Amino acid sequence: MARVIFDSVTKLYGGNQAPAVNNLNMEVYDKEFLVLVGPSGCGKSTAMRMVAGLEEISSGRIIIGDRVVNDLPPKDRDVAMVFQSYALYPHMTVYDNLAYPLKLRKVPKQERDQRVHEAARILDIEQFLDRKPKALSGGQRQRVALGRAIVRNADLFLMDEPLSNLDAKLRVQTRAELIKLHERVSTTTIYVTHDQVEAMTMGDRIAVMSLGVLQQLDTPQNLYDTPANKFVAGFIGSPAMNFVDVDLQTIDGQLYAVTPDMKLQIPTQKANNLSAFVGQKVTMGVRPEHIVERSRLAGSTDANSFPVKVDVIELLGNEIFVYLLNGTTLLTARMAPDLHLQRGSEIQVSVEGDKLHFFDPKTEARIA
């Protein structure tokens with residue numbers, strides 16, 4: 001069993017700096033693939049390095065399996081780490097790179113050979129065992145780095161942005177390989193990335209961090225559908241969610257989100273949750289794919305339609321990103337290319353009321 005528990009874990013670097021990790025409480029389940037995601041400097045790599053024993057813990061406890069590992073050296077924690085830089089020995093062959101961690105642990109030669117070939121078979125690098133790293137592509141080197149973790153038979157894999165050195169096409173391919181690899185070896189994995197697309201496609205669950213604080217821990221779909229706050233809503237999803245400051249007004253018994261250039265009717269269920277904010281400003285969020293050209297939305301009415309001017313169009317082949325001006329408000333929409341929009345043209349768009357998100361303007365927390 002290799003669950004990992006962060007129990008009120010804090011990391012301070014001294015001085016008057018804010019904590020790199022602040023009171024982190026989180027459990028990574030046995031055999032889970034958990035992704036730590038957030039912008040640079042959010043504390044995700046520091047949290048993982050504390051698990052590995054490469055950073056000291058200022059306060060709190062880290063538990064791996066049933067052991068508190070705060071005072072254990074890295075070699076005694078039974079974790080295998082994969083770095084962004086691959087960290088391969090250039091003078092060694094692929095075989096020797098894979099075998100070296102086992103050699104250090106005095107694993108018998110026959111067992112070493114068996115484990116190296118098994119890892120090479122899983123990763124489809126058997127044909128490269130006699131080569132040195134300089135003769136391999138970036139993707140092949142990354143598989144060797146993964147193989148070195150696999151041969152360890154460790155209880156826990158730690159991966160620190162392992163795909164960031166790969167080009168876009170290879171990154172997508174290697175992502176799929178990592179997902180299949182986890183299904184085969186079923187080892188508890190903590191994976192650190194700043195790329196929310198990687199996080200969404202790979203994680204069983206995702207922990208979103210900002211400024212050293214855990215913002216939300218949930219499944220990819222729940223993060224997308226019900227973000228806990230404005231930061232998570234804006235970080236998860238590409239293009240990012242649109243945010244507009246609106247007034248909540250009751251008109252003829254119906255609740256509306258109102259700006260000088262837009263008036264959107266809010267469904268009854270959402271309106272009930274917003275009752276405490278009527279007459280106040282709140283932050284409204286809407287995802288780009290939920291802004292729809294009016295004729296494409298069945299049952300659209302004047303209550304959730306408004307005029308916009310097409311400002312910029314980005315053609316991506318199977319879709320277009322359209323930047324729209326509603327008065328002084330800039331909105332991003334994801335639309336179908338067969339609309340044949342023209343820059344500068346005026347169109348009507350609609351937003352379904354149940355697709356709207358609302359956030360407290362002071363705390364930025366989601367208004368449930």
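Below, the structure is looked at part by part. (Residues numbered from 1 in each chain as written. Predicted model: local features only at pLDDT ≥ 70, side-chain atom pairs only at ≥ 80, totals over all residues. Heavy atoms only, no water.)

## Topic: the overall build of the chain
Item 1. Each helix and strand counted, the chain has nine helices and 20 strands in total.
Item 2. Principal-axis analysis of the C-alpha atoms places the extent of the chain at approximately 80 × 45 × 35 Å.
Item 3. When each of the 368 residues of the chain is scored for burial, the buried share is 49%.
Item 4. Nonlocal contacts in the chain, meaning residues at least 24 apart in sequence, comprise 66% of its contacts between residues at least 6 apart. (Helix = DSSP H or I, 4+ residues; strand = E, 2+ residues; numbered from the N terminus. Buried < 20%, exposed > 50% of the residue type's maximum accessible area, 1.4 Å probe, protein only. Contact = heavy atoms within 4.5 Å.)

## What about the pairing of strand S9 (residues 205-210)?
Item 1. Counted residue by residue, S9 has six buried out of six residues, so it is predominantly covered.
Item 2. With burial as the criterion, each face of S9 is covered, one bearing Arg205, Ala207 and Met209 and the other bearing Ile206, Val208 and Ser210.
Item 3. Bridge count between strand S3 (residues 33-37) and S9: four bridges; the pairing is parallel. Pairing of valine 37 across the sheet is with valine 208, part of S9.
Item 4. When S9 meets strand S10 (residues 213-218), the two strands line up antiparallel, connected through five bridges. From the neighbouring strand, serine 210 faces S10, where its bridge partner is valine 213.
Item 5. Connecting the antiparallel pair S9 and S10 is a turn made up of two residues, with leucine 211 showing a positive phi of about 55°. (Pairing = 2+ DSSP bridges.)

## Considerations on helix H3 (residues 109-123)
Item 1. Its 15 residues place the ends of H3 21 Å apart at the C-alpha level, agreeing with the 21 Å of an ideal helix rising 1.5 Å per residue.
Item 2. Among the structural elements, helix H2 (94-104), helix H4 (138-150) and helix H5 (168-185) are those in contact with the buried residues of H3. (Expected span 1.5 Å × (residues − 1).)

## Examining the sheet that holds S9
Item 1. The sheet built from six strands is open, its strands ordered S6-S7-S8-S3-S9-S10 with mixed pairing. The sheet terminates laterally at strand S6 (79-82) and S10, the two strands that pair on one side only. Strand-to-strand twist of the sheet, defined as the mean angle between neighbouring strand axes without regard to direction, takes the value 20°. (Axes fitted to C-alpha atoms, helices over the stretch in contact; angles between N-to-C directions.)

## What to know about the packing of aromatic side chains
Item 1. In total, this model carries four aromatic pairs according to the counting rule given.
Item 2. Between the aromatic rings of tyrosine 89 and tyrosine 100, the centroid separation amounts to 5.2 Å while the plane-to-plane angle is 75°, which identifies the pairing as edge-to-face. Highlighted residues: tyrosine 89 in the loop between S6 and H2 and tyrosine 100 in helix H2, separated in sequence by 11 residues.
Item 3. Given a relative accessible area of 33%, tyrosine 89 falls into the partly exposed group. (Phe/Tyr/Trp six-rings, centres within 6.5 Å; stacked < 30°, edge-to-face > 60°.)

## Examining the pattern of salt bridges
Item 1. Scanning all chains against the criterion turns up 12 salt bridges.
Item 2. Salt-bridge contacts for arginine 61 lead to aspartate 7; the nearest nitrogen and oxygen are separated by 3.0 Å. Residue arginine 61 is located in strand S4 (residues 59-64), and its partner aspartate 7 is located in strand S1 (residues 4-11); the two are separated by 54 residues in the primary sequence.
Item 3. Across the pair glutamate 111 and arginine 115 runs a salt bridge, and its minimum N-O distance is 2.7 Å. Of this pair, glutamate 111 and arginine 115 both sit in helix H3, four residues apart, which is roughly one turn of that helix.
Item 4. Under the relative-accessibility criterion, glutamate 111 is labelled partly exposed at 33%.
Item 5. The structure contains a network of salt bridges with shared partners spanning Lys11, Arg49 and Glu55. (Salt bridge = Lys/Arg side-chain N within 4 Å of Asp/Glu carboxyl O.)

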